[in-house]
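The primary structure of each chain is shown beneath.
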Amino acid sequence: MAPPERGALSYRTSGPTKRDSESGSVSSDEQYDPRAVQDKWQARWAELEPFTAVETDDGRERRYALDMFPYPSGDLHMGHAEAFAIGDVPARFWLQQGHNVLHPIGWDSFGLPAENAAIKRDSHPAEWTYANIETQAASFRRYAPSFDWSRRLHTSDPEYYRWTQWLFLRFYERGLAYRKGGHVNWCPKDQTVLANEQVVGGHCERCGALVEKRVLTQWYFKITDYADRLLDDMAGLEGHWPERVLLMQRNWIGRSTGADVDFTIEGRDEPVTVYTTRPDTLYGATFMVVAADAPLADEICAPEQRAAFEAYRDEVSRESEIERLSTEREKTGVFLGRHAVNPVNGERIPVWASDYVLAEYGHGAIMAVPAHDQRDLDFALKFGLPVRVVVDTGRPDPAETGVATAGDGALVNSGPIDGLPKAGAIARITEILDERGTGRASVNYRLRDWLVSRQRFWGCPIPIVHCESCGEVPVPDDQLPVRLPEGLRGADLAPKGTSPLAAAADWVDVPCPKCGVAAKRDTDTMDTFVDSSWYYFRYCSPGYEGGPFDVEQVRRWMPVDQYTGGVEHAILHLLYSRFFTKVLYDMGMVDFTEPFKRLLNQGQVILNGAGMSKSTGNLVDLGEQIAEFGVDVVRLAMLFSGPPEDDIDWADVSPHGMQKFLARVHRIASEVTSPVGADPATGDATLRRATAHAVSEATTLVGSQRFNVAIARIMELVTATRKAIDSGAGPADPAVREAAEAIALLLSLFAPYTAEEAWEVLGRTAPVITAGWPSADPALLVEESVTCVVQVAGKVRDRLDVPPSVAADELERLALASPKVQEALGGAGIAKVIVRAPKIVNIVPQR
RNA sequence: GCGGGCGUGGCGAAAUGGCAUACGCGGCAGGUUUAGGUCCUGUUGGUGGCGACACCGUGGGGGUUCGAAUCCCCCCGCCCGCACCA
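Let us look at the structure shown here. Bear in mind that the values here come from a model prediction, so they are computed numbers and not experimental data. (Residues numbered from 1 in each chain as written. Chains lettered and ligands numbered in written order. Predicted model: local features only at pLDDT ≥ 70, side-chain atom pairs only at ≥ 80, totals over all residues. Heavy atoms only, no water.)

1. Describing the overall build of chain A
Move 1: If you tally the helices and strands in chain A, you get 28 helices and 36 strands.
Move 2: Expressed along its principal axes, the backbone C-alpha trace of chain A runs to roughly 105 × 85 × 50 Å.
Move 3: Split into buried and exposed, the 847 residues of chain A put 53% on the buried side.
Move 4: Of the contacts formed within chain A by residues at least 6 apart in sequence, a portion of 72% connects residues at least 24 apart. (Helix = DSSP H or I, 4+ residues; strand = E, 2+ residues; numbered from the N terminus. Buried < 20%, exposed > 50% of the residue type's maximum accessible area, 1.4 Å probe, protein only. Contact = heavy atoms within 4.5 Å.)

2. Details of the packing of aromatic side chains
Move 1: Across all of its chains, the model carries 45 aromatic pairs by this definition.
Move 2: Between Phe171 and Phe579 the ring centres are 5.8 Å apart and the planes differ by 85 degrees, which places this aromatic pair in the edge-to-face class. With a gap of 408 residues between them, Phe171 in helix 5 (residues 158-173) and Phe579 in helix 18 (residues 572-586) connect regions that are remote in the sequence.
Move 3: A relative accessible area of 0% places Phe579 in the buried class.
Move 4: Aromatic pair Trp352 and Phe379: ring centres 5.6 Å apart, planes at 90 degrees, arrangement edge-to-face. Here Trp352 is found in strand 16 (residues 348-354), whereas its partner Phe379 is found in helix 11 (residues 374-383), with 27 residues between them in sequence.
Move 5: When its relative accessible area of 11% is taken as the criterion, Trp352 is described as buried.
Move 6: Owing to a relative accessible area of 0%, Phe379 belongs among the buried residues under this scheme.
Move 7: Clustering of aromatic rings is evident, with ring pairs tying together Phe168, Phe171, Tyr172, Trp219, Phe221, Tyr226, Trp450, Phe529, Tyr576, Phe579 and Phe580. (Phe/Tyr/Trp six-rings, centres within 6.5 Å; stacked < 30°, edge-to-face > 60°.)

3. Quick word on the pattern of salt bridges
Move 1: Throughout the structure, instances matching the rule amount to 52 salt bridges.
Move 2: Here Glu115 ties to Arg456 by a salt bridge, and the two come within 2.9 Å at their closest N and O atoms. A residue pair is termed long-range when its members are at least 10 positions apart, and Glu115 in helix 3 (residues 112-121) and Arg456 in the loop between strand 22 (453-454) and strand 23 (464-467) qualify at 341 residues.
Move 3: Residue Glu134 is joined to Arg152 by a salt bridge in which the shortest nitrogen-to-oxygen separation is 2.8 Å. Here the residue Glu134 occupies a position in helix 4 (residues 125-143), and Arg152 occupies one in the loop between helix 4 and strand 6 (153-154), the gap between them amounting to 18 residues.
Move 4: Linked through salt bridges whose partners overlap, the residues forming this network are Lys40, Arg44, Glu757 and Glu760. (Salt bridge = Lys/Arg side-chain N within 4 Å of Asp/Glu carboxyl O.)

4. Some thoughts on empty space enclosed by the protein
Move 1: Tallying each qualifying case throughout the model produces 2 cavities of 30 Å³ or more.
Move 2: Roughly 150 Å³ of volume is contained in the largest cavity.
Move 3: Together, 17 residues line the largest cavity, and Leu112, Arg206, Arg454, Arg456 and Thr528 are the ones closest to its centre.
Move 4: Every element with two or more residues in the lining of the largest cavity is listed here: helix 3, strand 8 (192-194) and strand 27 (525-526).
Move 5: Counting residues per element, the lining of the largest cavity draws most heavily on strand 8, which supplies 3 residues.
Move 6: Space inside the second largest cavity adds up to approximately 40 Å³.
Move 7: Lining the second largest cavity we find Phe51, Ala91, Leu95, Val101, His103 and Ser146.
Move 8: In terms of residue class, the lining of the second largest cavity is made up of 4 nonpolar, 2 polar and no charged. (1 Å grid on protein atoms, 1.4 Å probe; cavity = no way out; pocket = protein on both sides within 12 Å on 5 of 7 lines; lining within 4 Å. Points joined across faces, edges and corners; volume = space filled by probe spheres on them. Nonpolar A, V, L, I, M, F, W, Y, C, P; charged D, E, K, R; others polar.)

5. A look at the nonpolar core
Move 1: By size, the foremost hydrophobic cluster in this structure holds 94 residues, and its most contacted members are Tyr64, Phe221, Trp450, Tyr535, Phe537 and Phe579.
Move 2: The biggest single contributor to this core is helix 5, with 9 residues.
Move 3: Not counting residues up to four positions away in its chain, the partners in contact with Phe537 are Phe549, Val554, Met558, Thr581, Leu584, Val590 and Phe592.
Move 4: By size, the runner-up hydrophobic cluster in this structure holds 89 residues, among which are Trp107, Val620, Leu717 and Val736. (Core = buried A, V, L, I, M, F, W, Y, C linked by side-chain atoms within 4.5 Å.)

6. Focus on the protein's contact with RNA strand B
Move 1: The full set close to RNA strand B counts 54 residues, and Thr277, Arg329, Tyr361, Arg375 and Arg706 are the nearest of them.
Move 2: Lys660 places a side-chain nitrogen or oxygen 3.4 Å from a phosphate oxygen of RNA strand B.
Move 3: Arg799 is positioned such that a nitrogen or oxygen atom in its side chain is 2.7 Å from a base oxygen of RNA strand B.
Move 4: Class assignment of the residues belonging to the surface near RNA strand B gives a composition of 20 nonpolar, 14 polar and 20 charged. (Near = heavy atom within 4 Å. Polar contact = N/O pair within 3.5 Å; in protein donor to acceptor, adjacent residues only side chain to side chain.)

7. Notes on helix 13 (residues 422-436)
Move 1: For helix 13, built from 15 residues, the straight-helix expectation of 21 Å at 1.5 Å per residue is met to within 8% by its first-to-last C-alpha distance of 21 Å.
Move 2: Close packing links the buried residues of helix 13 with strand 12 (256-265), strand 19 (410-411) and strand 20 (439-444).
Move 3: Phi turns positive, to about 75 degrees, at Gly437, one or two residues after helix 13. (Expected span 1.5 Å × (residues − 1).)

8. Quick notes on the sheet that holds strand 4 (residues 100-102)
Sheets are built from strands paired through backbone hydrogen bonds, the pairs being either parallel or antiparallel.
Move 1: Within the open sheet, the 4 strands sit side by side as 4-3-28-29. Their pairing is parallel. Of all the strands in the sheet, the pair left with one neighbour each is strand 4 and strand 29 (599-602). Across the sheet, the mean angle from the axis of one strand to that of its neighbour is 20 degrees, orientation sign disregarded.
Move 2: One ladder, built from 4 bridges, connects strand 28 (residues 562-566) with strand 29; its direction is parallel. Looking across to strand 29, one finds that Thr564 is bridged to Leu600.
Move 3: Of the strands in this sheet, strand 3 (62-67), strand 4, strand 28 and strand 29 touch helix 2 (residues 78-96), which is tilted by about 175 degrees from strand 3. (Pairing = 2+ DSSP bridges. Axes fitted to C-alpha atoms, helices over the stretch in contact; angles between N-to-C directions.)

9. So, the side chain of Thr192
Move 1: Examined against the element boundaries, Thr192 turns out to sit in strand 8.
Move 2: On the accessibility criterion, Thr192 (4% relative accessible area) is buried.
Move 3: Here Gln455 takes part through its backbone nitrogen, which lies 3.0 Å from a polar atom of the side chain of Thr192.
Move 4: If we ignore the near neighbours within four places in the chain, the residues touching Thr192 are Asn185, Trp186, Cys187, Arg454, Gln455 and Arg456.

10. Brief notes about helix 4
Move 1: Compared with the 27 Å implied by 1.5 Å per residue over 19 residues, the 27 Å span of helix 4 between its first and last C-alpha is a close match.
Move 2: Those residues of helix 4 not exposed but buried are Pro125, Trp128, Thr129, Asn132, Ile133, Gln136, Ala137, Ser139, Phe140 and Tyr143. Angular distribution of buried residues about the axis of helix 4 spans 170 degrees; they occupy a single face of the element.
Move 3: Considering only its buried residues, helix 4 is in contact with helix 2, strand 5 (106-107), helix 3, strand 6, helix 19 (622-629) and helix 20 (631-640). (Arc of directions from axis to C-beta.)

11. Examining the packing of helix 24 (residues 734-747) against helix 25 (residues 752-761)
Move 1: Where helix 24 meets helix 25, the closest approach of the two axes is 8 Å, and the angle between their N-to-C directions is 150 degrees. Here helix 24 lies roughly antiparallel to helix 25, going by the angle between them. Where helix 24 crosses over helix 25, the handedness of that crossing is left-handed. Residues Glu741, Ala744, Leu745 and Leu747 of helix 24 form the contact with helix 25, whose participating residues are Pro752, Thr754, Ala755, Ala758 and Trp759.
Move 2: Considering only residue class, the contact of helix 24 with helix 25 consists of 7 nonpolar, 1 polar and 1 charged. (Parallel < 35°, antiparallel > 145°, perpendicular 65-115°, else oblique. Left-handed = near helix turned anticlockwise from the far one by under 90°.)

Here's what the structure looks like:
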């Protein structure tokens, strides 16, 4: 439908209200239209700047409300609308509570889509990127989150990425950024490498292409050095971050404890070390398995098995990730023609190669204990290798059943550790290995170092120069930023497996900063997750030129009080940001180790039970919704539909209901006739209590992020106020003004335009956002009487109006005196009476 | 397979040991209106009854308790994460 012209619709401010005092009904031909007031308040906010955070101390407490900054992929969509509506609530709440609030906005503006668009349109990624940013910025202004626009940043600005490079160099100095060769994930579509975190189920997280393995030399951040701290510091986030995010990070880091055991290899000087979480089963090891793609397998393979091994290895290298990932696939492998010697019993065991052992984990080799590990058992049964039980779990023989026994029990066939339980045996055997120098306790992680280099153009250049005589040479700080080369555009950026930057000869060729001879720049750019790992620090002092951030400002604002964003970043962005924060702590630049105190993951906006997508046409357009209903309605519908963490199916959302509610709010404001400042103490006591309750509960509910229930409380207050106007105290009662003002103040968090308008209609001048947060008079929260429920055998039989302070024995007497209770008892004796004054009495009859 | 979460009216959801279904949508009835829409009022878990009421009811079964949507055990269903990590 075509939206009415903006501003053409009138809304009632004081016009004639036909009121039928007999029925209490009111009719109206005109209805308040939230769209009509949007431009007016946008202009007022732009002029008054109520959302600008104050850098210097002004006595107010500081709060930092952060939303995950957007990628400028196009205009804002329903997902943004939900996330930013949710993130705006605490920011406005704190502001109205009188705090100095930092609520910034910026753009994560490096990344592949811009580059792909540039290739397609024969243009430069910056054109597409910055045009989209302007589109989103304009939409944001209308959508009206309480942003401090003065702190706006873009990660693709040289003023920003200068400091991304600076941080890279600090990491480099600390040995936390390094280059190494090895197997890497390669996306054949995007023509670039990917971090482990960006591979989901064997596919590229971004484009969905099947990821391949390649052997390449790449830049890494040594996040594994921080594995323990990343894991252990999560204890402090417990209860403040969603449990599932913590769980996902724990699983991702995947710490396991066990032991390294050295096996000698016949005909090899050096022993081979294996990692096991079950050193207690060492006597049950009947063979060893080496990862087929590990150099070790190639090295120790005996000549007579070489042909078989190489054939197998080629087969493995051809097989795709899909095959590797299929669950019920048969074990494969090949004997390497060698034997290893078990360090505790001197037993000779054959060494095999297989793809079920991963080259990158542990030492790329394992001791196989088929009786107590299902994978090893599958392998043993397939190739006829022996199975020896060493833990008596009381379960049937795995060799017979094909089911490995992983449980606890007494050790058997295990020499010095016979009879010990699992835990005791692990401790003892580790000691024995230690004494003999053939093993030691060990910890392993699933987490790998973070691969940060990318063979694409639109990212932050890696500030390193490669010199034939000096090797890797960091670009000196005073030569930062290393800007992206000019002149590359369109087809120049097409992916070709090496970085497009390499084609910019005049950019690549530079003198070595150290020795001055001809050298070449590193042509890779950084993963965009590097850019987003520190942007929230930059917000604290966005124009700062002495470093990535002003240490003093960060000390003032951080850590972030609430971070709002999607759960899709549960591992990637949030793990990297936690890592960066810990490194900055070690550098002495910040005095905290966790960046985000509280995390809220909003749900997704879906339609008809399925995710929205352009290709299927299952789409709701934010712009159309706003044109039809207005910003306030969209925001309120998002927030009212359910808990913020839950998905919203737009098919279940009722914008019309929200529209009706906002019109009711506006009309109440317009009907108030008492003057500003009228003393509410003289007003209707019932309505005053309703107001006090709504204020008190809404405050608690907003604080615990239960926005949908908070809105329900405001709705109840609106209904109570309507009743008071129509059939109670009347529009001139000061309690009605008090209620109407409270409604405007509370509603400001959820429907800011209507709240401002109502506030003005009530004769108030300051913007409502600066008018404070209402407080409830405790005296009004105490009820004059409460309803006590009287149960007989757990069923409600009567209700009594009693004072809240009623004594237990008095209440019991009243309850027993009730005719309804006596009737329900039917003459039966009383076994017991439970009294919870003043709410409930439960009488248990004898039976 | 392993781990975690969830299951409440026609629908989105409230209630975290004490009146189940707040609030909203949708429905129904009435009022206002030339009419429609808007707006206002009432009503709306099921079964039975003219009715006051009665009984049943939070996925299913069992348990703890004076009292369970809420806590415990088993089962069913759905969602999410991980998935050869030795």
